[in-house]
Amino acid sequence: MWLTQPLYERSTRIFLGVLLLAMILVTLLHLAVPADHPLYVSAYTVNLFGKYLSYALLAVAVDLVWGYLGILSLGHGAFFALGGYVMGMYLMRQIGDRGVYGHPELPDFMVFLNWDALPWYWLGSDSFLFTALMVMLVPGVLAFAFGYLAFRSRVTGVYLSIMTQALTFALMLAFYRNEMGFGGSDGMTNFRDILGFDLRTDETRLALFLISGVALAVGYVICRALVNSKLGRVCIASRDAEARTRFLGYRVERVQLSVFVVSAMLAGVAGALYVPQVGIINPSEFAPLFSIEIVLWVALGGRATLYGAVIGALLVNYAKTYFTGVMPDAWLFALGGLFVLVTVFLPKGIAGLLKQRKQAKEKEEEVPA
Amino acid sequence: MKRLNQLKKLAVTTSLGTALTLATLGSSQAFAQDPIRVGVLHSLSGTMAISETVLKDTIEMLVEQQNAQGGLLGRELEAVVVDPASNWPLFAERARELLDQHEVDVVFGNWTSVSRKAVLPVFEELNGLLFYPVQYEGEESSKNVFYTGAAPNQQAIPAVNYLHEQVGIERWVLAGTDYVYPRTTNRILASYLQEEFGVAEDDIMINYTPFGHSDWQNIVAEIRRFGSQGKKTAVVSTINGDANVPFYRELGNQGIDAADIPVVAFSVGEQELSGIDTGPLVGHLAAWNYFMSVDTDANYDFIDAWIDYTGDEEAVTNDPMEAHYIGFNMWKEAVRKAGTTDVDEVRDAIYGVTVPNLTGGYAVMMPNHHITKPVLIGEIQNNGQFDVVWETPGTVAGDAWSDFLPGSRDLVSDWRAPMSCGNYNVKTGRCGGSRAAEEAAEALGE
Amino acid sequence: MKPLLACLLLFLTWLPSLSIAEEDVRAGALLEALDVRSFADKGEAISELAISEDPRTRYWLNALLDGSLQRTHEGRFVVVLNNRGRSWPVEDALTQEDLGEISRRELNRISINNSLRNQIRSLIAVADLYSEDLSLRRASAERLVGEVDEALAEFLAEHIEQETDRRVQQRLSLALAIYQLEQGELDAVAELHGSLNTDARIALSRAAAQEENPLLAQEAQAALSAIEQRLKMNRTAETLYFGLSMGSVLVLAAIGLAITFGVMGVINMAHGELIMLGAYTTWAMQQLLPGQPGLALLLSIPAGFMVSGLVGIAMERGVIQFLKGRPLETLLATFGISLMLQQLVRTVISPQNRTVVTPEWMSGSLVVNDALSLTLNRLYIMAFALLVFMALIYILRRTRLGLEVRAVTQNRAMARSMGIKATRVDMMTFGLGSGVAGLAGVALSQLTNVGPNLGQAYIIDSFMVVVFGGVGNLWGTLVAGMSLGIINQVIEPWAGAVVAKILVLVFIILFIQKRPRGLFPQKGRAAGD
């Protein structure tokens with residue numbers, strides 16, 4: 001089985017091991033340690049970690065296309081947000097008649113707009129299974145349509161990057177419109193339940209954190225298996241020399257398209273996990289700047305390693321949380337400076353640094369003292 | 001030198017936070033107990049920093065003043081400042097941090113509606129107190145939020161009344177940025193104009209533009225054509241922040257004078273005007289509950305304190321700052337009355353609390369978590385200030401649910417016991433306005 | 001109010017001979033009457049003031065108009081000379097004696113509203129018809145169109161004969177004809193035939209709608225349809241102008257990027273912030289030269305170029321040169337720089353927008369006819385954009401630097417072996433592109449906010465323009481910017497601004513699928529992958 005293949009690989013095992021350990025540790029420290037103990041992990045922190053993990057999954061999705069396909073997508077935020085919106089629609093429907101206007105079916109913003117019935121694209125949004133399916137399908141279909149056009153006509157490099165940016169920008173403008181039926185600029189918020197569990201309890205938060213962790217692990221293994229497979233090698237070939245790969249008889253555009261779609265679906269899942277944890281989805285997730293930021297996480301962590309993306313996402317987001325609390329006026333300097341330093345001095349990111357260390361160590365060991 | 005002072009202040013407040021307040025107080029008196037923590041949730045970076053940083057400074061100034069007067073309940077006040085960086089999900093995270101980690105007793109914060117919507121579940125879950133200082137679209141009433149800015153009936157409706165009755169406007173352009181506040185306000189206004197003044201649908205033009213829209217040529221030309229049909233026309237503008245400068249510039253350059261087609265704005269205050277050359281805008285209007293030019297001693301004292309605090313002779317004050325001033329004082333009074341900072345007790349104590357506003361009157365906290373405000377109409381002057389040309393005879397109480405929207409017409413809000421409900425439906429007689437609950441109850445009854 | 005206009009005329013020609021003391025008592029009473037709450041009473045008082053024979057009337061009316069006529073708490077009338085800060089320099093309204101500075105707490109403004117402002121302006125306009133200054137006479141004739149009443153009509157009919165300037169005469173005849181049409185005179189229709197003036201059109205449509213005089217209605221209707229025809233043509237011209245002017249803004253914003261991105265292959269996300277620096281330079285210049293916004297603006301052109309150019313060179317030396325051959329990573333590094341530059345402006349200057357004043361000669365519009373006027377600031381910016389474009393074409397085609405730039409971009413190794421210092425060329429090219437961004441900032445300061453977010457608003461549009469036009473081709477950028485501007489302005493009236501923007505983006509995405517290398521793809525070896 002190609003999917004289980006990465007489990008025999010050392011780096012994957014380490015990654016999964018660390019992830020599992022961290023999840024167990026956080027759970028234990030949250031549940032078993034008394035609240036006044038210095039090692040206690042509060043529900044707030046668990047929630048934060050859950051958010052970071054969904055970002056990490058998003059970063060893995062971006063690394064898959066950027067690291068292994070060489071496509072710098074500046075629009076992955078769009079797939080993430082679409083997944084989030086699909087989940088948001090489900091959560092909105094779960095509110096039922098507990099909205100401010102008390103309409104049994106319509107979300108508040110539709111009552112406000114004087115709509116009589118749900119628009120057709122909201123059909124099925126009250127079913128979790130359907131939602132789970134759409135979380136992957138909607139970003140997948142968009143990625144397919146966009147990728148089909150773009151890869152077929154061989155839009156590459158910078159052009160493709162700018163086009164993905166245009167895509168997410170156009171979607172942002174569209175979602176800002178009230179008539180779209182997604183809540184306009186306020187988006188969707190004030191969620192209550194997911195699958196009957198109250199979103200405002202600590203238990204649900206912990207569960208969502210654990211699910212995000214599992215999703216990250218699964219997503220990671222899928223990506224790892226993909227890049228280790230023959231398809232993955234064609235990917236790398238087309239990244240490094242697209243024309244040559246084509247001349248060798250590979251249908252480069254098909255490879256690109258399929259990997260791009262998988263990546264978009266993963267981003268959609270990440271978005272769907274993100275929304276119940278932060279409690280809001282609105283068009284600002286489509287903002288081009290957010291998509292650039294995702295790329296930066298990957299760059300910081302180390303491109304084309306997958307685990308590097310995870311490290312980058314966790315690190316940058318933790319830094320963001322920390323610095324905006326401690327030095328609100330200066331954190332943009334810190335963030336900006338970090339990006340400059342990393343791209344100039346750490347072109348392979350933190351993962352590259354780790355590798356270097358390891359190699360140096362191995363060399364040292366080889367040379368007898 | 002001024003700048004240096006500002007920078008210094010910045011550096012000190014941000015890095016030392018607590019230490020600063022302690023140090024400045026060292027000389028005056030020592031406080032025995034733990035400080036009362038006042039959370040400040042305003043964006044200091046990102047797109048909203050332009051509006052929100054002054055509000056953070058306002059609260060810090062008020063806290064400083066209060067400490068100089070001996071604190072509150074014999075305890076020192078301490079401002080806890082965090083930066084949600086104009087990022088809405090981050091607002092929710094920061095709110096949780098303030099309430100959960102820093103255990104603040106009250107929070108002053110937010111500007112945009114979406115950020116308020118994002119933090120609302122957090123405040124309700126953790127039972128916090130939020131004072132929201134900006135004019136907004138209404139259609140909301142939360143147990144944990146006090147709305148010290150204007151509801152639509154405290155700004156938009158009096159403004160069109162003025163235009164219709166005093167200026168004789170017959171044709172209306174409702175222009176706004178494409179987001180919830182303008183959409184709601186314009187819906188309320190369109191329905192109000194048609195119902196109350198019998199304005200024909202043809203005489204209302206509604207136009208929306210994206211955030212930060214900078215090319216207004218076409219729209220201004222359209223307004224000019226719309227306004228040159230022989231009926232007196234006005235523009236009611238809910239255009240947001242950054243888009244205003246190019247809009248007014250285009251108006252001026254296309255020769256639309258306030259005497260021909262006046263523009264009344266709901267989001268343009270002194271702060272926004274300080275970035276515009278107001279020469280060509282003289283006579284255009286704004287509706288607020290406070291103007292810096294208001295001629296009262298309380299206002300002059302506030303302005304002087306603000307200028308001293310910022311060290312900038314040209315510093316301006318604006319309506320949301322006054323709202324924070326009122327909100328802070330109301331909270332202070334309620335804490336004194338309750339003798340504790342406990343959220344539930346403060347909430348019970350705050351209804352009916354009356355504090356002076358800066359325009360020579362008093363603000364009362366109503367049971368629907370809105371306050372009473374006078375409504376002022378001001379004309380823009382060439383020095384970036386407004387000159388009040390009209391005001392409501394008394395104060396107007398804020399209405400959470402608009403009477404001009406079909407969905408919310410029947411809803412009222414009263415958070416006192418026994419009703420204790422933010423959206424009580426007077427028709428069905430139920431909280432939550434819930435039709436489903438009603439039906440279920442009927443079914444059970446049968 | 002209107003009959004009083006005529007009264008004013010009566011008295012303007014009649015010079016008074018009262019003693020100074022008597023005059024001051026009278027004047028004091030006149031001003032006193034202005035200090036009432038009701039605007040209607042204030043309007044009466046203004047009319048009284050206007051027909052008083054006091055020579056200071058004009059001075060008071062002007063002071064009232066700009067809000068500088070105020071009253072101290074002691075009841076003395078003063079004129080404020082400068083109303084910024086906490087204390088204001090004032091002079092006595094009666095004696096014009098300098099009273100030093102008075103705290104603003106001590107002053108109450110005699111406030112007026114829009115309708116009073118209108119009244120005062122009309123009063124002044126009638127008086128101005130006698131002015132020696134031709135431009136004043138023209139402005140006042142312009143103002144009187146649509147404002148004529150019976151008394152004024154009689155006066156105008158005589159006055160037109162005396163007037164020497166043809167334009168003033170035409171305007172006054174138009175004003176008179178509108179009044180006559182309102183009175184139901186058939187002859188007036190001929191005078192208004194084909195006029196694009198709004199007041200004339202309104203008067204005609206009213207005449208066409210009335211039923212008492214069918215012949216007049218018929219004539220007016222005919223005149224109206226001729227006007228509609230002409231209006232349509234003017235609207236088309238106007239849309240075209242809007243499109244070109246929006247296009248020239250896009251070109252200006254994008255052309256610096258066309259050099260750094262197109263020629264050097266650096267994806268400069270800080271391009272927007274370089275534009276912002278140019279705009280801030282304009283602001284700083286105006287602070288340095290208070291009272292001379294025009295000169296400051298002109299000086300900002302070289303200054304903005306230098307500031308942004310130097311920052312650009314610093315970026316190139318400090319960061320970008322280490323990222324040779326990794327174009328996508330320049331995106332990341334420059335994004336970091338853009339964050340830092342934004343926050344730098346926020347901390348050092350202010351998070352608030354800054355005021356940049358538009359000089360007199362750039363405000364207002366060039367009137368082509370009554371229905372079409374071209375806004376001057378945009379006209380200047382259009383010319384400026386073309387000028388910058390030509391200069392860049394010249395530099396790249398005709399100078400040593402241009403030659404070297406082209407050589408280095410086409411074949412770096414070969415160029416170096418010919419003795420070209422490629423690193424120096426990189427530096428200069430990047431500096432040039434950045435400097436041009438600064439120029440864009442100087443221009444944009446006349447259109448939009450000067451604030452920390454300025455750059456963000458233009459960065460995406462700039463990339464779209466460059467990519468649409470074809471990377472590495474300046475002409476492509478010009479054509480792309482102009483056509484996107486026109487497309488946008490044509491769609492906007494029927495689709496709305498939001499949808500127009502979305503449609504343009506979708507159009508670009510689809511266009512790039514058809515022509516993956518933009519409108520004008522680079523040909524030859526330079527295009528190679």
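Cut-off values and rules
Residues numbered from 1 in each chain as written. Chains lettered and ligands numbered in written order. Predicted model: local features only at pLDDT ≥ 70, side-chain atom pairs only at ≥ 80, totals over all residues. Heavy atoms only, no water. UniProt positions renumbered as here; feature names shortened; annotations may be inferred. Buried < 20%, exposed > 50% of the residue type's maximum accessible area, 1.4 Å probe, protein only. Helix = DSSP H or I, 4+ residues; strand = E, 2+ residues; numbered from the N terminus. Contact = heavy atoms within 4.5 Å. Buried area = accessible area lost by both parts, 1.4 Å probe. Salt bridge = Lys/Arg side-chain N within 4 Å of Asp/Glu carboxyl O. Polar contact = N/O pair within 3.5 Å; in protein donor to acceptor, adjacent residues only side chain to side chain. Disulfide = S-S within 2.5 Å. Axes fitted to C-alpha atoms, helices over the stretch in contact; angles between N-to-C directions. Parallel < 35°, antiparallel > 145°, perpendicular 65-115°, else oblique. Left-handed = near helix turned anticlockwise from the far one by under 90°. Nonpolar A, V, L, I, M, F, W, Y, C, P; charged D, E, K, R; others polar. Core = buried A, V, L, I, M, F, W, Y, C linked by side-chain atoms within 4.5 Å.

Named according to an unreviewed UniProt entry, chain C is Amino acid/amide ABC transporter membrane protein 1, HAAT family (TC 3.A.1.4.-) originating from Marinospirillum celere. Under the Subcellular location (unreviewed entry) heading, UniProt states for chain C: "Cell inner membrane".

The name given to chain A in an unreviewed UniProt entry is Amino acid/amide ABC transporter membrane protein 2, HAAT family (TC 3.A.1.4.-), and the organism recorded there is Marinospirillum celere. Quoted verbatim from the Subcellular location (unreviewed entry) field of the UniProt record, the comment on chain A reads "Cell inner membrane".

A. Expanded view of helix α9 (residues 244–253) of chain B. With nine of its 10 residues buried, α9 of chain B lies for the most part within the structure. Against α8 (217–227), β8 (233–238) and β9 (263–265) of chain B together with β6 (365–369), β7 (372–375) and α15 (376–398) of chain C lie the buried residues of α9 of chain B. Residue Gly255 of chain B follows α9 of chain B closely and has a positive phi angle near 75°.

B. Layout of the UniProt feature "transmembrane region" (unreviewed entry) in chain C. All names here are of chain C. Taking the numbering used here, the UniProt-annotated feature "transmembrane region" (unreviewed entry) corresponds to residues 240–267, 295–315, 379–396, 463–487 and 493–512. Here residues 295–315 runs as 100% helix and 0% strand, with 30 Å between its end C-alpha atoms. With 84% helix and 0% strand, residues 463–487 has its two end C-alpha atoms placed 17 Å apart.

C. Fine view of the interface of chain A and chain C. Counting residues at the interface gives 41 residues for chain A, matched by 41 residues for chain C. With both chains or domains summed, chain A and chain C bury close to 3,700 Å², and 80% of this area falls on carbon and sulfur atoms. Three residues, Tyr159, Met163 and Phe333 of chain A, lead the burial of chain A against chain C; their summed loss comes to 18% of the area buried on that side. At the junction of chain A and chain C, the tally comes to zero salt bridges. One can count three residue pairs in polar contact (both at pLDDT 80 or more) joining chain A with chain C.

D. Structural context of the state of the cysteines. Tallying each qualifying case throughout the model produces one disulfide over all chains. Between Cys421 of chain B and Cys431 of chain B runs a disulfide, and the two sulfur atoms are separated by 2.1 Å. Residues Cys421 of chain B and Cys431 of chain B are joined through a disulfide that is right-handed, its torsion about the S-S bond being 95°. Taken together, the residues Cys421 of chain B in strand β18 (residues 421–425) and Cys431 of chain B in strand β19 (residues 430–431) connect sequence positions 10 residues apart. Using a relative accessible area of 1% as the deciding quantity, one classes Cys421 of chain B as buried. Judged by relative accessible area, which is 45%, Cys431 of chain B ranks as partly exposed. Of the cysteine sulfurs around Cys223 of chain A, a residue in no disulfide, the closest is that of Cys235 of chain A, at 11 Å.

E. Representation of the packing of helix α10 (residues 198–209) of chain C against helix α11 (residues 214–263) of chain C within the structure. Residues and elements named next belong to chain C. In the contact formed by α10 and α11, the axes pass within 8 Å of each other and the chain directions differ by 140°. On the basis of the axis angle, α10 is oblique to α11. Handedness of the crossing formed by α10 with α11: left-handed. For the pair α10 and α11, contact is made by Arg201, Leu204, Ser205, Ala207 and Ala208 and by Leu216, Ala217, Ala220, Gln221, Ala223, Leu224, Ile227, Glu228 and Leu231, respectively. Here the residues of the contact of α10 with α11 are counted per class, giving 10 nonpolar, two polar and two charged.

F. Molecular detail of the nonpolar core. Core analysis: the largest hydrophobic core is formed by 344 residues, its most contacted members being Met188 of chain A together with Trp331 of chain B. When neighbours within four sequence positions are excluded, Trp331 of chain B is seen to be in contact with Ile36, Val38, Leu72, Leu77, Val106, Phe108, Leu129, Phe131, Val346 and Ile350 of chain B. Ranked by size, the runner-up nonpolar core spans 36 residues in total, among them Ile178, Ala188, Ile227 and Leu231 of chain C.

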